[in-house]
Amino acid sequence: MSCSKYMPAPVCLIENDENGKLHMKKEAKAILDGINEPVVVVSVVGLYRTGKSYLMNRLAGQQSGFALGSTIESKTKGIWMWCVRHPNKKGHTLVLLDTEGLGDVAKGDSKNDGWIFCLAVLLSSTLVYNSRGTIDNTALEKLHYVAELAENIKIRSTEAEDEEDSEFVMFFPSFTWVVRDFTLDLEIDGKKVTDDDYLEFALNLKKGVGRKISDYNLPRECIKRYFPSRKCFVFPFPVTSQEDMTRLEILQDQDLAQRFLEVTGNFCDHMLVNSAVKRLKGGHIVTGQLLGRLVEIYVDTINSGEVPCLDNAVVVLANLENQAAVQEALKVYQRGMEEVKNTLPISIEYLTCEHQKFSSLGISEFTKRSFKDENMEYLKKLEEAVYMCYADLLEQNQMASERKCRDLLKDLFADMNKWLQDGEYSQSGGYELYKRDRDAIVEQYRREPNKGVRVRTLSLKLIDHISFHSLSILTECSEEKEKATLLEQKLKEEEEKRIENDRMMETENMRHEDMVKQMQEKFNKELEQQQQERDRAIESKLKEQEEMLKKGFNQKAENLEEEIKKLNNEKKRLSGGSIFKDYVMPFLRPLVEMVPNLLMQRLMLNSLKMGLKR
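Residues numbered from 1 in each chain as written. Predicted model: local features only at pLDDT ≥ 70, side-chain atom pairs only at ≥ 80, totals over all residues. Heavy atoms only, no water.

(A) Expanded view of the confidence of the model for the protein chain. Per-residue confidence for the protein chain gives a mean pLDDT of 81, with 79% of residues at or over 70. Note that residues 1–5 has pLDDT below 50 and, in this model, 9 contacts with residues that lie over four places away or in other chains. This stretch, residues 610–614, has a pLDDT under 50; its non-local contacts, to residues over four places away or in other chains, come to 9 contacts. (pLDDT = per-residue confidence, 0-100. Contact = heavy atoms within 4.5 Å.)

Next comes the structure, spelled out in structure tokens:
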């Protein structure tokens, strides 16, 4: 189903009330809760009445949707959301966030503007900043919210800010500056340049010291420092008359300037192709459900007066997702074993085989959804729950098998019991007749299919029962021979049961080997995602360092060298081949040993119970 069908128009995601408090709307949360797909999140921010909403509507493939407004009053309050099917990425949802215009004179609360800007950064995979005219010092001064990000966002709750903001580039969205109503020629020193060149030229730093130089450089440094990639689009006027400027929502393409349409098309193509899937710190892919929870966490944090922290948000989300992952994985196992349960009694070989199969599928389901289960806390909960289900099923299978075997023995032994009571075996030659009938019953009992796991145990009981009668009619000369035969058969069947238990343990060990393999694959995947975060940061900082050296900012280049060295050292540590063995296996090994040990205890207990019954 297309997202636009169940969400034909935008809804308010975060409401900004009169007291400056932020509230997540229940309707929006319900919509996000219904989206299990990965999301690509594009947010647009900028001063009010700069035409942000028009771009969002075009990205949605619609003429209208987000309110454009036609007066000096800001139409968008808080943050509005529109979820549509991603046209380029199958199985993905495009989430468009249109934010309240910054600097609205009617609001008069710059701190509230800062939080709106902060939320747009935290929630998006691509951040679009929309402005009018040119990228000059005035435009950059109005973007002072970028310089405040270090105060409004933390990566770790315990680390110093100056150590943290150097890592923003690993987790922040890509940055696109859209300049509307641009009338200048794209030339620098008489040479034609691209939109991107124009942005980089506008972000050039000034040399020197002093408050004015520092204020001039600060927003430029922050944009370079925080955002991993930068892009620029300059838009000409869409129409020639001021009257038409207020009617963009109803104008057809033929009424708009051709160059404006071309740039709009290029902008949309770039956004749809290059905007990445939203990821958490650590690389975990964000679904609609996770995005909704992320919004709740950040809004609650801001309302409490605290600063949003990426690590804290990931921990909270991980706990919620891991709990859900355990339940989903357990359902996969239980659904599969429910089918097995309907066929009881069954052989232990078949039961353990099915247990191994559905347990592996459950672990696979768990690894898809879980993340940051560093101490294997949730995997242990899953294993314990699976073991309880398996142990119960083993017991049910034994009970079903015992009922079936008892009923079978009762039917098979009915005639022989009558002959025993009638004394037919007490006559001359009766023992040979008795032995023939007994062996025939035992053979018939063993040939009967689908008796389950108690077949051997009850066979021993049958032999014990028969031996009681046989010893009473044995001649003295054949008594020792009969005892030896019966003992040999007992030992043989007990050995078969031991082999059966060994096979169960072998299957359980194979199951855990598979679990370790799946967990190592998951760990390697998460490690690769973390490496990609650092690679992106290193690439961005190397590019910035090269630019600083070219323009003579040697001290800034040296500072960047320290950051690059730190990132490379961390990358080298993560690339070590023994990380899984050294840091994960100590938590995983007790878990691997836990269920086989519990299973062995259960088998020994069952054997003891059966011995007491006999």
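From this point, the discussion proceeds with the structure in view.
(B) Highlighting helix H11 (residues 211–226). With 16 residues, H11 extends 22 Å between its outermost C-alpha atoms, agreeing within 8% with the 22 Å of an ideal straight helix rising 1.5 Å per residue. Of all bends in H11, the biggest is about 35°, found at Leu-218, and the proline Pro-219 comes one to four residues later. For H11, the set of buried residues is Ile-213, Tyr-216, Asn-217, Pro-219, Arg-220, Cys-222, Ile-223, Lys-224 and Tyr-226. (Helix = DSSP H or I, 4+ residues; strand = E, 2+ residues; numbered from the N terminus. Expected span 1.5 Å × (residues − 1). Bend = angle between axes of the 7 residues up to and from the residue. Buried < 20%, exposed > 50% of the residue type's maximum accessible area, 1.4 Å probe, protein only.)

(C) Representation of the packing of helix H14 (residues 288–303) against helix H15 (residues 310–341). Viewed as axis vectors pointing N to C, H14 and H15 meet at an angle of 130°, and their least axial separation amounts to 10 Å. Taken together, the axis directions place H14 and H15 in an arrangement best described as oblique. Regarding H14 and H15, the two cross each other, and that crossing is right-handed. For the pair H14 and H15, the contacting residues are Leu-290, Arg-293, Leu-294, Ile-297 and Tyr-298 in the first and Leu-310, Ala-313, Val-316, Leu-317, Leu-320 and Glu-321 in the second. Across the contact of H14 with H15, the residue classes tally to 9 nonpolar, no polar and 2 charged. (Axes fitted to C-alpha atoms, helices over the stretch in contact; angles between N-to-C directions. Parallel < 35°, antiparallel > 145°, perpendicular 65-115°, else oblique. Left-handed = near helix turned anticlockwise from the far one by under 90°. Nonpolar A, V, L, I, M, F, W, Y, C, P; charged D, E, K, R; others polar.)

(D) Highlighting the nonpolar core. Grouped together as the largest cluster of nonpolar side chains are 109 residues, with contacts concentrated most on Leu-13, Met-81, Phe-117, Trp-177 and Phe-267. With 9 residues, the top contributor of residues to this core is helix H4 (residues 110–123). When residues of this core are assigned to domains, at least three map to each of domain 1 (11–308) and domain 2 (309–613). The residues contacting Phe-117, other than those within four sequence positions of it, are Val-45, Leu-102, Leu-127, Leu-143, Tyr-145, Val-146 and Leu-149. Counting 27 residues, the second largest nonpolar core, distinct from the first, contains Val-326, Tyr-333, Leu-351 and Leu-394. (Core = buried A, V, L, I, M, F, W, Y, C linked by side-chain atoms within 4.5 Å. Domains from an automatic or database assignment.)

(E) Local environment of unusual backbone geometry. The omega torsion across Leu-344 and Pro-345 is 0°, close enough to zero to call that bond cis. Mapped onto the elements of the fold, Pro-345 is located in the loop between H15 and helix H16 (348–369). Phi angles above zero are rare outside glycine, and Asp-181 is one such case at about 55°. Relative to the helices and strands, Asp-181 is located in the loop between strand S7 (174–180) and strand S8 (187–188). On the basis of relative accessibility, which here comes to 12%, the residue Asp-181 falls in the buried class. Backbone geometry at Asp-189 places phi at a positive 55°, although glycine is not the residue there. Residue position: Asp-189 is located in the loop between S8 and strand S9 (191–192). Here Asp-189 falls in the exposed class, since its relative accessible area comes to 77%.

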